[in-house]
Structure formats: C-alpha cells, structure tokens
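What the coordinates show
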Amino acid sequence: MTAPRATSSPPAADLAIVGGGSVAVSFLYQFLLCLDPAAGPPPAIVLYEPQAEPGPGGAYQDDLSSNLLNIPAGNMSALADHRLDFVEWLRGQDPAWLRAQGAETIDPADFLPRPLFGAYMRAVYARARDLARTLGVALTHAQSRVRRVAPLPAGAGVRVEPEQGAPCVARLAVLCNGNLPSLAFPGLRDAPGYFNSPYPVHALAGGIAADAPVCIVGTSLSAVDAVAALQQAAHRGPILCVSRNGRLPAVRSPHNRPPDSLRQLSRDGALRLAARHGGGLSVDVIAAALKDEVLALGGSVDADDLLGLAGDARIALDEEIRRSALAARPWQAVAAATNAAVDQIWHLMPDAERGRFQSQWRSLWMARRATFPMRNALKLQALFRTGQLQVGAGYLDSRYDAANGLFHTRLRGASGAISTHASRYLVNATSFSVDAPGAQDPLVASLLRDGHARADPHGGLALDYGTGCLKNARGEVQPGISVLGSLAGGTYFWTTSMDVNARLARDQARRIAAEISRAGVREGPPMLKEALR
C-alpha cells in the first residue's frame, strides 16, 4: 500500500480530526458513510496524524505476534453496524501472509495478534480515502501533531494549531488524540533499563538482556503482554510481576458464547431498571442485575469463579485455566455483553455511586472483566512451572540505584514484613494515564490552561454525555469540539474497547454529518470568513 502524501494543513475546513489512530479512522470512515451526496457540496476534512500511515496508532502498531488482542476478532471492527468487518477482511487476505503474522485460522472467536488489526485499520483508512474521492470530499492528511485547539467567538469555528504547518479554522473538531503516557514513575523516566510502557513489546524483546532479572510493575493485561513478549523472545532471566493485589486477570473461556440479549443491562433494560429505582442506578442495583443476568444464562454465582482465588497467583492461574478449559463461564459472557450499554449504565449512576465504585470496586472489576486469552495463559503457566515467573502482592515502590544500575522494588507481605527485590530492568505496566491536569501533552495542557476544557473527576476530560462535546472551565458545553477515545473515559467509562469506541464514533459521525449538512458546507458559520482574515 502506498502511503498518502503528507501536506501542510489548508487554511479552512469543515471538519478537523485530531489524531489518526484506530478511533479516529473509525470515526472518519463512519462519518463519510453518513454523508448524503444529495445534501449539498461535499465537506473538506483535515486529519492530523504525525505517522505516515493513519490507522494503527500506538495501540495496533507493528509488533510481535505474541501481542494478542484481548477481544475476540468478531468484536473488533471499525464499523459499529458491521461487527464482522475485521473478520471478513482477514478472510480476504493471503493465507501465507496471515500465517507469517501468527494467524493460523480465522474465526470470530479467535484472539489474534494486535498488528493484524493495525493492518486492517490501514486498509480502512484506504477505504475512507477512496470513498472521500468518490463523494468529492477533500480529505487532507496533515502529518503533524496538534498543540492547540480553541473555539472562536460567536460560533465562528475552531482554530487548530499544528506543530508543523499553518493553523486551520474548521467548523468542527473531533479530538481522538490517543492515550496519555503513564505518570506513575516520573523519577525513573531517564533511568537506564526503565520502560514507561510495555508497548511496543518488541522494544522489550530487543532492549532487555536475555539473562537479566526483570521486574514488571502491574499484573493486568499489559503485564501479561510484557511477559508473553519476553517468553517469545526466549528470555532466560527471572521475571517478577508485582502489584498491590497480586492478581492476574481472569482467563477467558474459549467455550463462551454471547447471550442473545441482556434483560436488565441492555440499553433499554438499564433505562427501565433505573426508572424502577428513582431514575438512577446504584452499585448494589447493578450488582444484583449482573447476578440475575448470569443466572438467566445458566451460570452460577460461585464466589471463587466470579471473583477468582485470592492468594498465590500461580494456584489462581491454574484454577482459571482449568475452569476455562472445562466449560463456558457465563459471567464472562454477561460482562462482555454489557459493553453495548456500559456508557449508559455509567451515566445513570449518581456521582456518589460512581465515586463508590471507583474507590471500592473498580480494581476488582477491571481485574475480572478484562479477561485474557487461553494462549497467553498457558505461556504464563509454563513460566510459573519452571520457576522463571513469580507474581507478588503488596507493592510499595520502586527506586533506581545509579551506583549499581539496579532497580529496587519493595513489597509488604501479609505479615507486614517488607522485602526488597533487585532487577536490571523495570517495566511500567500500570496502564496509561487518565489524569488530564497532570498531562504533559501540549494539546490537553493548553485546553485546560485556556479554560476551554475541564478535567472529569473520574478521568479524562469532562464531556456532554449526549454529544461528546467538551465542557469548558465554567461547565458550558463547547459545541464545536468533541472527544473520542481514552480522554472520554470519565463520561463513558469503558473507552479502551474497540466495540465501544466504534459505537461512540458512529454516534458522533451521525450527529456531525447531519449538522454539517444542515449548516451548508460552503458558506460556513457567520464569522468563518472573518476569522480567516
């Protein structure tokens, strides 16, 4: 595939899309599909993405085949209304190429290497370019990051200032600028042997000496990816994963099948459930509804199955593998099915209940809800059995000793005693940051500094639920600037899953396409021409 030629941004556009990863390209393609060719002259779009090829972003970049999707292929699609688009694209590819990428079979239930989804997203962007050409839409890829976005007075549009190239005034802007880097260990950022993220995992495989001890801070999905990458790279040194609770994620049963529908936690069901409880949903009401959904699917509410075994992570993983290999686990199927309504369920929770969930239940929910595939579970089990892998709870802190070039990680045991573990390398697998005020990203920092945005107390930026548009420092909705992706997590809760993001992108695409069509793309807002002078 030939990469599109990067150009400087034009002086004006109807729509500016900031970011060119999977969420941005999903939005772009669905927006183009929403356009009515008979509604008027086609719009002009500028896509700001520093990479030469939009589509994969950081999440689905080229990487080792050990780096698996944590969602079945049948739920990975850029199109919210065509869930099997990724699977159908895969089935049209050369089988030899697929095998070289680590995909022996193509089934909607498969957990496939993440780089394959990146290749698919490149193909989706190519489709978008072709569709734009057919519709007469001027689509420009401006190969630059964006440092500032600001609404102009009196609805005159949005000024977008890239790091390279001329500023652009657009009628509307959609921010899809990806994950914020972790801020967990600012003092270690320049220490030799420190990785602030496991991704891309090929950097771990290529940058860590094969015999050296490695400490991975985190025991969630990112930590599993890091361990699997080291295993694929034939790492021989000891690997220690640590976290406060020492829990690995649940292993997804390959026997799971999605329910036909949820009774209480579908979109309509959640509205009815909230109406029966005074218009809102408490943590307790949601927990009871989840229990009912599992029982209706023929599952049990065995605590060991739902919550996992506490204590020794090796024993817990053995039990997870045994249960998942034996039969379907209906609670997993129910939890996955809530993705279709998770944003609405979150929206229906009063703020006090959201805070209660975040402080008391989020850690356990994320550890159990975010399951990982059997293929990687078996890799970890093999490393446990040889003694190469250990998992520790009671994480306190990690420090770097420049005198000997070692990281020292402290754990507090069940008895209260503190132990210290030395490693040549330290990998931060605590996930990306959702702390907007602490962000070093120039765009996020300028939005907050200029008062065009405010932080959401539950992460990311505060948004209007119905439109995804920013709320400014005074709490007023900024109708010209909307947000998709991880920075929308405080409003929609679960914005790291492609099926949720594709649906939110589709909803924004429909709204924005209709708005541009109603306004008329050529005349622009009343002050647009004046703003460009």
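Okay, so let's go over this structure. (Residues numbered from 1 in each chain as written. Predicted model: local features only at pLDDT ≥ 70, side-chain atom pairs only at ≥ 80, totals over all residues. Heavy atoms only, no water.)

Re the nonpolar core
Judged by nonpolar contacts, the single largest core of 137 residues is most densely connected at Leu 15, Phe 27, Phe 31, Phe 86, Val 149, Ile 216 and Leu 281. Apart from the residues within four sequence positions on either side, Ile 216 is in contact with Ala 223, Ala 226, Val 227, Leu 230, Ile 239, Leu 240, Cys 241, Val 242, Val 427 and Ala 429. Core analysis: the next-biggest nonpolar cluster, separate from the first, contains twelve residues, Val 217, Leu 240, Phe 407 and Leu 411 among them. (Core = buried A, V, L, I, M, F, W, Y, C linked by side-chain atoms within 4.5 Å. Buried < 20%, exposed > 50% of the residue type's maximum accessible area, 1.4 Å probe, protein only. Contact = heavy atoms within 4.5 Å.)

A look at empty space enclosed by the protein
Enumeration over the complete set of coordinates arrives at three cavities of 30 Å³ or more. Considering only enclosed or pocket space, the largest cavity measures out at about 150 Å³ in volume. Together, 16 residues line the largest cavity, and Leu 248, Leu 309, Ala 316, Glu 320 and Arg 368 are the ones closest to its centre. Sort the elements by how many residues they give to the lining of the largest cavity and helix α10 (residues 313-326) lands first, with six residues. Classifying every residue of the lining of the largest cavity by side-chain character gives six nonpolar, four polar and six charged. (1 Å grid on protein atoms, 1.4 Å probe; cavity = no way out; pocket = protein on both sides within 12 Å on 5 of 7 lines; lining within 4 Å. Points joined across faces, edges and corners; volume = space filled by probe spheres on them. Helix = DSSP H or I, 4+ residues; strand = E, 2+ residues; numbered from the N terminus. Nonpolar A, V, L, I, M, F, W, Y, C, P; charged D, E, K, R; others polar.)

Description of the sheet that holds strand β12 (residues 406-412)
Read across the open sheet, the three strands follow the order β11-β12-β13; overall the sheet is antiparallel. The open sheet terminates on both sides in strands that have one partner only, identified here as β11 (395-401) and β13 (418-423). Within the sheet, the average angular offset between the axes of one strand and its neighbour, ignoring direction, is 20°. When β12 meets β13, the two strands line up antiparallel, connected through six bridges. (Pairing = 2+ DSSP bridges. Axes fitted to C-alpha atoms, helices over the stretch in contact; angles between N-to-C directions.)

Some words on the sheet that holds strand β14 (residues 425-428)
If you walk across this open sheet you meet the five strands as β7-β14-β8-β9-β10, and the pairing is parallel. Strand pairing shows two members of the sheet lacking a second neighbour, β7 (194-195) and β10 (389-392), which therefore form its edges. As paired elements, strand β9 (residues 239-242) and β10 share four bridges and run parallel to each other. Bridged to Val 242 within β10 is Gly 392.

Some points on the packing of helix α6 (residues 221-232) against helix α15 (residues 374-386)
α15 packs onto α6 with a crossing angle of 70° between their chain directions and a minimal axis gap of 10 Å. With respect to each other, α6 and α15 are oriented roughly perpendicular. Judged by the twist between their axes, the crossing of α6 over α15 is left-handed. For the pair α6 and α15, the contacting residues are Val 224, Asp 225, Val 227, Ala 228, Gln 231 and Gln 232 in the first and Asn 376, Lys 379, Leu 380 and Leu 383 in the second. Along the lines of polarity and charge, the residues of the contact of α6 with α15 split into five nonpolar, three polar and two charged. (Parallel < 35°, antiparallel > 145°, perpendicular 65-115°, else oblique. Left-handed = near helix turned anticlockwise from the far one by under 90°.)

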